[in-house]
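The residues making up each chain are set out below.
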Amino acid sequence: DAGITQSPRHKVTETGTPVTLRCHQTENHRYMYWYRQDPGHGLRLIHYSYGVKDTDKGEVSDGYSVSRSKTEDFLLTLESATSSQTSVYFCAISGIGTSGSYEQYFGPGTRLTVT
Amino acid sequence: KQEVTQIPAALSVPEGENLVLNCSFTDSAIYNLQWFRQDPGKGLTSLLLIQSSQREQTSGRLNASLDKSSGRSTLYIAASQPGDSATYLCAVKEGSQGNLIFGKGTKLSVKP
C-alpha cells in the first residue's frame, strides 16, 4: 500500500469555525490532490499540488484553501466551515505504478460533519 | 469538459453469476483509466488500470476492457461472490499528472 495517511479521520465542527485537514505521504511524490465525495456527485477535485508551494484549483475549490510547505504534507483548510462542506475528503498522490503508468493512490479519507 | 458515466447505478445479482459493469467517457483523449472498489465507509482500492494504448487488463476474476475510440470501458466480474458486494468506480486521467475524473459508481450487491 502507498504510504499515505490522513488526519483526523473523523471530525465534527460547528458552522463558522476554521478546520484544517492533513495529508501525509512517505513516497516523496511530487503531485498531491484533495477530493471530496458526496452522494449523487461522486468524487470531485478540490485542489491539487505539483510541488512545494505550487498549488492550483480544481472543480470545487470555493471555500477551500491549501498549503504545501513540505513535499510530504498537503493541508486543506476550510476558513469558515459551512454545512455544505459536510463530506468525506480524500487525499491522493500520483506516482508510477506497476503498470508503468502514473496511478493515483488514495488515503483512507476524513469524514467531516459541519453542524 | 470530460464527463464519465457509469451504468447501471445499482445492480443486484445472485452468487455465481458473471456480470459486466459499464463506464463511458465523452473525450477519448485519455492517458489511462482506472477501476476502483469502495466498501461502505471505506477508502478507494485500485482494481485495474488500463493505459490508453491497451485494450484490456486482467486480475484474477476481473477483466477490464477499454475502447478509447468509442469512449467505453467495461469491468467483467466472473463467478461473482458475496464478497464482491461494493461500489465500483471508474475514473479517467487526461494527462500523466492530471487529476482523475470519476463516474458516480455502480453499487453491486451479490446475494448468497
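Residues numbered from 1 in each chain as written. Chains lettered and ligands numbered in written order. Predicted model: local features only at pLDDT ≥ 70, side-chain atom pairs only at ≥ 80, totals over all residues. Heavy atoms only, no water.

1. Focus on the state of the cysteines
Residues and elements named next belong to chain A.
- Applying the stated criterion to the full structure yields 2 disulfides over all chains.
- Residue pairing for Cys23: its cysteine sulfur links by disulfide to Cys91, the two sulfurs lying 1.9 Å apart. Linking Cys23 and Cys91, the disulfide has an S-S dihedral of approximately -75° and is accordingly described as left-handed. Taken as a pair, Cys23 in strand S3 (residues 19-25) and Cys91 in strand S9 (residues 87-96) lie far apart in primary sequence, 68 residues in all. (Disulfide = S-S within 2.5 Å. Helix = DSSP H or I, 4+ residues; strand = E, 2+ residues; numbered from the N terminus.)

2. Some thoughts on the packing of aromatic side chains
- Under the defined criterion, the tally for this structure stands at 12 aromatic pairs over all chains.
- Look at Trp34 of chain A and Phe74 of chain A: their rings are 6.5 Å apart centre to centre, the planes differ by 35°, and that puts the pair in the tilted class. One end of the pair, Trp34 of chain A, is in strand S4 (residues 31-38); the other, Phe74 of chain A, is in strand S8 (residues 73-78), and 40 residues separate them in sequence.
- Measuring from ring centre to ring centre gives 5.8 Å for Tyr35 of chain A and Phe102 of chain B, while their planes differ by 85°; the resulting arrangement is edge-to-face. You can see Tyr35 of chain A sitting in strand S4 and its partner Phe102 of chain B sitting in strand S10 (residues 100-102), one on each of two chains. The exposure classification of Tyr35 of chain A matches that of Phe102 of chain B, with both residues buried.
- Taken together, the ring pairs in this structure connect Tyr31, Tyr33, Tyr35, Tyr48, Tyr50 and Phe106 of chain A together with Phe36 and Phe102 of chain B into an aromatic cluster. (Phe/Tyr/Trp six-rings, centres within 6.5 Å; stacked < 30°, edge-to-face > 60°. Buried < 20%, exposed > 50% of the residue type's maximum accessible area, 1.4 Å probe, protein only.)

Read these as spatial facts, not as claims about activity.
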